[in-house]
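Chain residues, written in single-letter form:
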Amino acid sequence: MNRLLLALSVLAAFTACSSVNGTVDGESTPINSTYMLQDDDYFGDDGVILLVLSGGGLSCDGMDQLLEELEDADDNDEKADLWAEYLPQDFWEWRITLRVDDVDDDLGGDEIEGTEWTDLVNDDDQLSALAIHYTDWPDEDSFSWWGWVTGDATDYYEVYHSDEGVARISGHTPNESIRGSFETEMVDADGDDEGDVSINFSTSRCSTLDSHYL
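Criteria and thresholds
Residues numbered from 1 in each chain as written. Predicted model: local features only at pLDDT ≥ 70, side-chain atom pairs only at ≥ 80, totals over all residues. Heavy atoms only, no water. Axes fitted to C-alpha atoms, helices over the stretch in contact; angles between N-to-C directions. Helix = DSSP H or I, 4+ residues; strand = E, 2+ residues; numbered from the N terminus. Parallel < 35°, antiparallel > 145°, perpendicular 65-115°, else oblique. Left-handed = near helix turned anticlockwise from the far one by under 90°. Contact = heavy atoms within 4.5 Å. Nonpolar A, V, L, I, M, F, W, Y, C, P; charged D, E, K, R; others polar. Phe/Tyr/Trp six-rings, centres within 6.5 Å; stacked < 30°, edge-to-face > 60°. Salt bridge = Lys/Arg side-chain N within 4 Å of Asp/Glu carboxyl O. Buried < 20%, exposed > 50% of the residue type's maximum accessible area, 1.4 Å probe, protein only. Disulfide = S-S within 2.5 Å. Expected span 1.5 Å × (residues − 1). 1 Å grid on protein atoms, 1.4 Å probe; cavity = no way out; pocket = protein on both sides within 12 Å on 5 of 7 lines; lining within 4 Å. Points joined across faces, edges and corners; volume = space filled by probe spheres on them. Core = buried A, V, L, I, M, F, W, Y, C linked by side-chain atoms within 4.5 Å.

### Section: the packing of helix α2 (residues 60-72) against helix α3 (residues 76-86)
Thinking step 1. Direction vectors running N to C along α2 and α3 enclose 170 degrees, while the axes themselves pass 9 Å from each other. Between α2 and α3, the angle falls in the class roughly antiparallel. When you trace α2 past α3, the crossing you get is right-handed. The segment α2 lies against α3, with Gly 62, Gln 65, Leu 66, Glu 69 and Leu 70 engaging Lys 79, Leu 82, Trp 83 and Tyr 86.
Thinking step 2. Classifying every residue of the contact of α2 with α3 gives 5 nonpolar, 2 polar and 2 charged.

In structure tokens, the structure reads:
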């Protein structure tokens, strides 16, 4: 399939229900694609459900193809070209990490506490969110041997963390889909307040991305 057609392929209906109300560092963070990933023993005895909400515009299959091609690229210059071919110059990506006792348990109706921005998700039934603002395309110096950024070559993105808050899971079909919301404060790398947000998510399983993200 033509790469452009793949990148612009129709996204799941869940995507239309995913959005971020509020701003981070004074900017809105539009979302147009979502992925639900999981691993049943990511934290040893506990599993993880990772929700990725992106403004990059790629379907599950489109993102999988990009990441496969990045892994197979001959050099970092080719990786930079692939990134610019598939993704816009400026977009946001949210990653919501939910630690669970068992990924097969139905979380519908649960309320889950967000961790402080300095803490990891140390126990089950905790979650945190990371917001990445890509402000430019990476160049050949931005990639390490394993495919992502390295060293000081991070001037094309900025990262923000959630600080506490609460998530409400309104519906969950284990291994298939999840929907709900997460209200939290966002802070920068120094812990300074960058705005309050309400993240609404409704996304379906994208198992092909598990090995790329988890």
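Right, picking up where we left off after that structure.
### A closer look at the packing of aromatic side chains
Thinking step 1. Inspection of the entire model under this criterion finds 8 aromatic pairs.
Thinking step 2. Feature note: the residues Trp 83, Phe 91, Tyr 134, Tyr 156 and Tyr 157 constitute an aromatic cluster, connected by ring pairs.

### Quick look at the side chain of Ser 181
Thinking step 1. Inspection of the secondary structure puts Ser 181 in strand β8 (residues 177-187).
Thinking step 2. Those residues within four positions of Ser 181 in sequence are excluded, and the remaining contacts are Val 166, Ala 167, Arg 168, Ile 199, Asn 200 and Phe 201.

### A closer look at the pattern of salt bridges
A side chain with one charge can pair with a side chain of the opposite charge if their charged atoms come near.
Thinking step 1. A complete count under the given rule lists 4 salt bridges for this structure.
Thinking step 2. A salt bridge links Arg 99 to Asp 46; the shortest N-O distance between them is 3.0 Å. Taken as a pair, Arg 99 in strand β4 (residues 91-100) and Asp 46 in strand β3 (residues 46-54) lie far apart in primary sequence, 53 residues in all. In this pair, the class of Arg 99 matches that of Asp 46, namely buried.
Thinking step 3. Put simply, Arg 168 and Glu 111 hold a salt bridge, and the shortest N to O gap is 3.3 Å. Here the residue Arg 168 occupies a position in strand β7 (residues 157-173), and Glu 111 occupies one in strand β5 (residues 111-114), the gap between them amounting to 57 residues.

### A word on the environment of Pro 138
Thinking step 1. Examined against the element boundaries, Pro 138 turns out to sit in the loop between β6 (126-134) and β7.
Thinking step 2. In this structure, the C-alpha to C-alpha distance between Pro 138 and Tyr 157, residues 19 residues apart in sequence, is 8.9 Å.

### Things to note about the state of the cysteines
Thinking step 1. Per the stated rule, a full pass over the model turns up 1 disulfide.
Thinking step 2. Sulfur-sulfur distance for the disulfide between Cys 60 and Cys 206 comes to 1.9 Å. The disulfide joining Cys 60 to Cys 206 has a torsion of about 85 degrees about its S-S bond and is therefore right-handed. Note that Cys 60 is positioned in helix α2 and Cys 206 in the loop between β9 (193-204) and α4 (210-213), a separation of 146 residues in sequence.
Thinking step 3. Given the relative accessible area of 23%, Cys 60 is considered partly exposed.
Thinking step 4. Exposure remark for Cys 206: the relative accessible area of 1% places this residue in the buried category.

### Observations concerning α2
Thinking step 1. In this model, α2 (13 residues) spans 18 Å end to end at C-alpha, consistent with the 18 Å of a helix rising 1.5 Å per residue.
Thinking step 2. For α2, every residue scored as buried is listed here: Gly 62, Met 63, Asp 64, Leu 66, Leu 67, Glu 69 and Leu 70.

### Comments concerning the layout of surface pockets
Thinking step 1. If you add up the space inside the largest pocket, you get close to 720 Å³.
Thinking step 2. Forming the walls of the largest pocket are 31 residues, and the residues nearest its centre are Leu 50, Arg 95, Thr 97, Leu 130 and Ile 132.
Thinking step 3. Among the elements that line the lining of the largest pocket, the one with the most residues is β6, at 5 residues.
Thinking step 4. A per-class count over the lining of the largest pocket returns 21 nonpolar, 7 polar and 3 charged.

### Quick look at the nonpolar core
Thinking step 1. Grouped together as the largest cluster of nonpolar side chains are 27 residues, with contacts concentrated most on Ile 49, Leu 51, Leu 53, Trp 94, Ile 96, Ile 199 and Phe 201.
Thinking step 2. Sorting the residues of this core by element identifies β3, β4, β6, β7, β8 and β9 as the ones contributing at least two each.
Thinking step 3. Counting residues per element, this core draws most heavily on β4, at 5 residues.
Thinking step 4. In this structure Phe 201 touches Ser 18, Leu 51, Leu 53, Ile 96, Ile 169, Ile 178, Arg 179, Gly 180, Ser 181 and Phe 182, once residues within four positions along its chain are discounted.

### Points about unusual backbone geometry
Thinking step 1. Even without being a glycine, Asp 25 presents a positive backbone phi close to 55 degrees.
Thinking step 2. Here Asp 25 shows up in the loop between β1 (19-22) and β2 (33-43).
Thinking step 3. One non-glycine residue, Asn 175, lies in positive phi territory at about 70 degrees.
Thinking step 4. Secondary-structure assignment places Asn 175 in the loop between β7 and β8.

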